[in-house]
Amino acid sequence: MLYARLITMRLMKAIVVLFLIIIFNFFLIHMAPGDPAAILAGEAGATDKEFLRQLRERFGLDQPIYVQLWHYVSGIATLDFGYSYRQQMPVLDLILQRLPATLLLTGTAFVLSLALGILAGSLAAARVKKVSGSLIMALALLFYATPLFWVALMAVVLFSVYLDWLPAYGMYTVGAGLEGFALVLDVAKHLILPATTLALFFMAIYTRITRASMLEASQQDYVKTARAKGLKDRVIQRRHILRNALLPIITLAGLQAGQMVGGAILTETVFAWPGIGRLMYEALMQRDYNLLLGIFFFSAALVIVFNIVTDLVYRLADPRIKEAS
Amino acid sequence: MSFFARFAQNRGALIGLIILTMIILMAILAPLLYPESPWRMVQRPFLSPMEVDGFVLGTDTMGRDVAAGLMHGAWVSLLIGLVSTAVALIIGVPLGAIAGYYGGLIDDGLMRFTEFFQTIPNFALAIVLVAIMQPSVTSIVLAIAIVSWPPVARLVRAEFMSLRHREYVEAARLVGQTNSTIILRQILPNTLSPIIVLASLMVATAILLESALSFLGLGDPNVMSWGYMIGAARTVIRQAWWLSFFPGIAILLTVLALNLVGEGLDDALNPKLARQRQ
């Protein structure tokens, strides 16, 4: 009951945000260089006056701006994101076709960074005054400062070019015609480099927050009690400290999900991973504004979905919130 | 303990400061050591580092001097990092101050607005903005500022909310000071230290963002930047990995140094917190 109300509230908020993004996109199209008609038609650079006039009429650009806005918003409300003439396909189809690859990549990177980050962070917290603890934190600081696209490129040089361990680009071996388990294995092999490089930066963030939040939790009275009871250190670390330290980590993870969608643009570009990030790069190169804004809308929608999911997970992890709200 | 002594107690911060000073020197010396445009073709392309005297880091695909590009790039990175952070502060500080000071409906409205910007994926928004406004130093600075002001607004708001009922604020109100005087002369000076710490970390993030934008081909076509150098050498990475390697190290060191300095500033400006942390 409470969950139902909560989800409805969050969904309504999400719709408002998406609506604002649509309006934002509309104004961006009008700000873009060249004639909006040409942009909507995906034909930026067309100079034929008569052709442009026809386009303007077709897209209703000869009408007042609020009528145009209405056309644009109602178009997107019916999932009409326009047509990408460069790719010869409706924008929606292009995005939906590429979405699964991005979900696979960001999903894997998300789980990987969270798992390794929490592990490294709790190790660092347990070894707070030791060299190994400082070493973990130094590494985290290093990964935090490393440009994502650069680390991806260097990984290609090291693991694909010199060591020849892993494929450098794509999602599966082209023309291999693999099926079933062999295909899964092939995709997994292609996934290792992009997912790991995407995860590194976020792992660094989770390591830092985990350590800080565990050190804070270890000052609490219930930890003293547990210690006084004579519980083993490892049990205290896991059951008493880590569990209570998890909440700020989940909150942060929800916020970072959005950044991960952004990071995927860079990783997918370097590894030629066929997701919406790569598609965004292609749209950028061809100045295909219609497609670019469509992807922008979808990535924002993705972030909102991520946020709602973390909100629900948060409530599962901490039942106290339910009583408070 | 003096401010600098507290700062220097953090060894990492000291190292960061040294690296940062070196990078600033690089930026200042660039026009002196390499007076010619870094875009000029000066030697045969694809020279590896040290292959020819005077070309320590070799040349790129077009025969441009990589070392010259690195030096000039330092200037661009620092400039864009600093200016975009300044613009983000100009947007974020007033919004946060007004929301935190007045509270109520104004606060609600401004915070919804801030949340909206926080929901949109930063990097995707920056790409769209630069692509639409056309790549230039101005559009890049604006795009980075637009995606990075929300944390400033939230921080300033939180500080204002905790300070607005302090006794010295009430006293100022009693003497009849106007709201704007109280905001600017009473509360704002007391929120400066967390803002300074956040700003130093934001410069680091801004430099990373700029390099990522230039890497994707959204850099200002008139200025040499580290991200552009990596992006331009991407297609020849198999033959000449060093073309991408050195600019990446430059970005890494700059961002690392700024993060270390930020942490040091945090220790120095908030001594109580630093002691608690140890």
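Note that the coordinates shown come from a computational prediction; the quantities given were computed from them, not determined experimentally.

## Some words on helix α6 (residues 131–145) of chain A
Helical geometry note: an α-helix holds 3.6 residues per turn, so side chains three or four residues apart project in the same direction.
Now for step 1: The terminal C-alpha atoms of α6(A), which comprises 15 residues, lie 21 Å apart, in line with the 21 Å expected from a rise of 1.5 Å per residue.
Now for step 2: Within the sequence span of α6(A), burial applies to A:Gly133, A:Met137, A:Ala140, A:Leu141 and A:Ala145. Take α6(A) and look down its axis: the buried residues cluster within an arc of 130°, on one side only. What points out from α6(A), more than 90 degrees from its buried face, is the exposed set A:Val131 and A:Leu135.
Now for step 3: As for α6(A), its buried residues are in contact with α5 (91–126) and α8 (180–217) of chain A together with α10 (192–215) and α12 (242–269) of chain B.

## A closer look at the nonpolar core
Taken as a class, soluble globular proteins show a tendency for nonpolar side chains to be buried jointly.
Now for step 1: Residues A:Phe149, B:Phe123, B:Ile127, B:Leu213 and B:Leu216 are the most contacted members of the largest nonpolar core, which totals 164 residues.
Now for step 2: Ranked by residues supplied to this core, first place goes to helix α12 (residues 289–317) of chain A with 14 residues.
Now for step 3: Here this core spans two domains, since at least three of its residues come from each of domain 1 (2–91) and domain 2 (102–217 + 245–324) of chain A.
Now for step 4: In this view, B:Leu216 contacts A:Ile265, A:Leu266, A:Thr269, A:Tyr281, A:Leu284, A:Met285, B:Phe123 and B:Ile127; residues no more than four positions away in its chain are not counted.

## Overview of helix α4 (residues 65–77) of chain A
Residue and element names in this part refer to chain A.
Now for step 1: Helix length check: α4, at 13 residues, gives a terminal C-alpha distance of 18 Å against a target of 18 Å (1.5 Å per residue), a fit within 8%.
Now for step 2: Those residues of α4 not exposed but buried are Gln 68, Tyr 72, Val 73, Gly 75 and Ile 76. All buried residues of α4 lie within an arc of 155° about the axis, which places them on one face of the element. Residues of α4 that are exposed and point more than 90 degrees away from the buried face comprise Tyr 66, Trp 70 and Ala 77.
Now for step 3: Positive phi shows up at Leu 79, right after α4, with a value of about 60°.

## Describing the environment of B:Val42
Now for step 1: Tracing the chain through its elements places B:Val42 in the loop between α2 (11–33) and α3 (66–102).
Now for step 2: Along the sequence, B:Val42 and B:Leu105 sit 63 residues apart, while their C-alpha atoms lie 62 Å from each other.

## Section: the UniProt feature "domain: ABC transmembrane type-1" (unreviewed entry) in chain B
Now for step 1: UniProt marks residues 74–262 of chain B with the feature "domain: ABC transmembrane type-1" (unreviewed entry), using the numbering shown here.
Now for step 2: From the first C-alpha to the last, residues 74–262 of chain B spans 19 Å; its make-up is 80% helix and 0% strand.

## Some thoughts on the packing of aromatic side chains
Now for step 1: Considering all chains together, one arrives at 18 aromatic pairs over all chains under this definition.
Now for step 2: The interplanar angle of 40° and the centroid separation of 5.9 Å between the aromatic rings of A:Trp150 and B:Phe245 together place this pair among those described as tilted. You can see A:Trp150 sitting in helix α7 (residues 148–162) and its partner B:Phe245 sitting in helix α12, one on each of two chains.
Now for step 3: You can call A:Trp150 buried: its relative accessible area is 7%.
Now for step 4: Taking the relative accessible area as the measure of exposure, B:Phe245 reaches 26% and is therefore partly exposed.
Now for step 5: Taking the centre distance of 6.2 Å and the plane angle of 80° together, the rings of B:Trp241 and B:Trp242 count as edge-to-face.

## Description of empty space enclosed by the protein
Residue and element names in this part refer to chain B.
Now for step 1: Applying the stated criterion across every chain, the model contains five cavities of 30 Å³ or more.
Now for step 2: The volume enclosed by the largest cavity comes to roughly 80 Å³.
Now for step 3: Along the walls of the largest cavity sit Asp 60, Thr 61, Arg 64, Val 66, Met 224, Tyr 228, Met 229, Ala 232, Ala 233 and Leu 243, which together make up its complete lining.
Now for step 4: Tallying contributions element by element places helix α11 (residues 226–232) first for the lining of the largest cavity, with three residues.

## Quick look at the interface of chain B and chain A
Now for step 1: Counting from both sides, the interface comprises 39 residues of chain B and, opposite them, 46 residues of chain A.
Now for step 2: Both sides of the chain B and chain A interface together cover about 3,900 Å² of buried area, and 79% of this is carbon and sulfur.
Now for step 3: Our count for the chain B to chain A interface comes out at two salt bridges.
Now for step 4: Notably, a salt bridge pairs B:Glu263 with A:Arg208, separated by 2.8 Å at the nearest N-O pair.
Now for step 5: Connecting chain B to chain A are eight residue pairs in polar contact (both at pLDDT 80 or more).
Now for step 6: For the side of chain B that touches chain A, the elements supplying multiple residues, two or more each, are α4 (104–119), α5 (122–133), α10 and α12 of chain B.
Now for step 7: Examining the composition of the side of chain B that touches chain A, we find that 11 residues originate from one element, α12(B), more than from any other.
Now for step 8: In terms of residue class, the side of chain B that touches chain A is made up of 28 nonpolar, seven polar and four charged.

## Quick look at the domain arrangement of chain A
All names here are of chain A.
Now for step 1: Under the domain assignment, chain A is made up of domain 1 (2–91) and domain 2 (102–217 + 245–324).
Now for step 2: Using only C-alpha atoms to locate each centre, domain 1 and domain 2 end up separated by 31 Å.
Now for step 3: Facing the 26 residues of domain 1 at the interface are 22 residues of domain 2.
Now for step 4: For the pair domain 1 and domain 2, the summed buried area comes to about 2,300 Å², and 71% of that belongs to carbon and sulfur atoms.
Now for step 5: Among the residues of domain 1 in contact with domain 2, Tyr 3, Arg 10 and Phe 81 are the three that bury the most area, contributing 24% of the side total.

The rules we used
- Residues numbered from 1 in each chain as written.
- Chains lettered and ligands numbered in written order.
- Predicted model: local features only at pLDDT ≥ 70, side-chain atom pairs only at ≥ 80, totals over all residues.
- Heavy atoms only, no water.
- Helix = DSSP H or I, 4+ residues; strand = E, 2+ residues; numbered from the N terminus.
- Expected span 1.5 Å × (residues − 1).
- Buried < 20%, exposed > 50% of the residue type's maximum accessible area, 1.4 Å probe, protein only.
- Arc of directions from axis to C-beta.
- Contact = heavy atoms within 4.5 Å.
- Core = buried A, V, L, I, M, F, W, Y, C linked by side-chain atoms within 4.5 Å.
- Domains from an automatic or database assignment.
- UniProt positions renumbered as here; feature names shortened; annotations may be inferred.
- Phe/Tyr/Trp six-rings, centres within 6.5 Å; stacked < 30°, edge-to-face > 60°.
- 1 Å grid on protein atoms, 1.4 Å probe; cavity = no way out; pocket = protein on both sides within 12 Å on 5 of 7 lines; lining within 4 Å.
- Points joined across faces, edges and corners; volume = space filled by probe spheres on them.
- Buried area = accessible area lost by both parts, 1.4 Å probe.
- Salt bridge = Lys/Arg side-chain N within 4 Å of Asp/Glu carboxyl O.
- Polar contact = N/O pair within 3.5 Å; in protein donor to acceptor, adjacent residues only side chain to side chain.
- Nonpolar A, V, L, I, M, F, W, Y, C, P; charged D, E, K, R; others polar.

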